[in-house]
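Structure at a glance
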Amino acid sequence: MTGRKKHLLKVIILGESGVGKTSIMNQYVNKKFSKDYKATIGADFLTKEVLVDDKVVTLQLWDTAGQERFQSLGVAFYRGADCCVLVYDVNNSKSFETLDSWRDEFLIQASPSNPETFPFILIGNKVDVEEKKRMVSKSRAQAYCQDKGEIPYFETSAKEAVNVQEAFQSVARLALENSDAEDAAGDFADPIHLDMESQKATCSC
Ligand code: GDP
Ligand code: MG
């Protein structure tokens, strides 16, 4: 491949309504937390440039606009994702127990070329809330991640800006690795290109 490659990576954020997805994004992109922040960005996604090693990567972060309550996000939301961030609230066990359904839905809708190696990340949010309200332990979440192919786990507070930058740095790295791996696979087997080459070779005109 010739020329400088642009790294535009699509990241989608999934999880139950109310776990803090929009707040995490707002904290990451705008460094703000607002108790009544609403998803009124007027677009399907936010972008943020980040440096991974020596590469500038543009993350395109897709948040839901509340439709996750009906689990009907539409295929455009999922299509072409390079990384999927699953979010639950550590003080709400139901939001943890439904993670699998979000993961399954993602795999069905996005149908990544290699579901086994597609990068997911798990975020347990709202760790600033008092300890006695916590319902999902760190070890339980870590066991889940282990079971799903050693996916990275971060505990965050969008409210107090804890670990949010770190989580997305990991997202950027994994998304970039996945996208590079897909490109490499594409270079090996490009049926359209191969077909045209063979036609050229046999054309009698
Ligand atoms: P979404 O439905 O997943 O997008 O969740 P929101 O970002 O709208 O957040 C739902 C509620 O949880 C809002 O009232 C937020 O202010 C609150 N919230 C989000 N993140 C945190 C956090 O880290 N700590 C605390 N204490 N509250 C949070
Ligand atoms: Mg939201």
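Residues numbered from 1 in each chain as written. Chains lettered and ligands numbered in written order. Predicted model: local features only at pLDDT ≥ 70, side-chain atom pairs only at ≥ 80, totals over all residues. Heavy atoms only, no water.

Among the eight residues that make up strand β1 (residues 7–14), seven are buried, leaving the element largely enclosed by the rest of the structure. By the bridge criterion, six bridges tie β1 to strand β3 (residues 55–62) in an arrangement that is parallel. Opposite Leu8, over in β3, you have Thr58 as the bridge partner. Relative to strand β4 (residues 83–89), β1 runs parallel, the two sharing four bridges. Bridging from a neighbouring strand, Val11 pairs with Cys83 of β4. (Buried < 20%, exposed > 50% of the residue type's maximum accessible area, 1.4 Å probe, protein only. Helix = DSSP H or I, 4+ residues; strand = E, 2+ residues; numbered from the N terminus. Pairing = 2+ DSSP bridges.)

The environment of ligand 1 is formed by 18 residues, the closest being Gly18, Lys21, Ser23, Asp128 and Ala158. Measuring from an oxygen atom of ligand 1, one finds a backbone N or O atom of Lys159 at 3.2 Å. Bound to the protein, ligand 1 loses 79% of the 580 Å² it would expose on its own. Top contributing element to the shell around ligand 1 by residue count: helix α1 (residues 21–30), with three residues. Of the residues belonging to the shell around ligand 1, the class tally is four nonpolar, seven polar and seven charged. (Near = heavy atom within 4 Å. Polar contact = N/O pair within 3.5 Å; in protein donor to acceptor, adjacent residues only side chain to side chain. Areas by Shrake-Rupley, 256 points an atom, 1.4 Å probe, with all protein chains shown as cover. Nonpolar A, V, L, I, M, F, W, Y, C, P; charged D, E, K, R; others polar.)

Formed by 28 residues in total, the largest nonpolar core has its most connected members in Tyr28, Leu59, Leu61, Val85, Ile123 and Phe168. No other element matches the seven residues that helix α6 (residues 164–188) contributes to this core. Setting aside chain neighbours within four positions, we find Val85 in contact with Val11, Ile12, Ile13, Leu14, Ile121, Ile123 and Val171. Judged by nonpolar contacts, the second largest core, of 25 residues, contains Ala81, Phe96, Val136 and Tyr144. (Core = buried A, V, L, I, M, F, W, Y, C linked by side-chain atoms within 4.5 Å. Contact = heavy atoms within 4.5 Å.)

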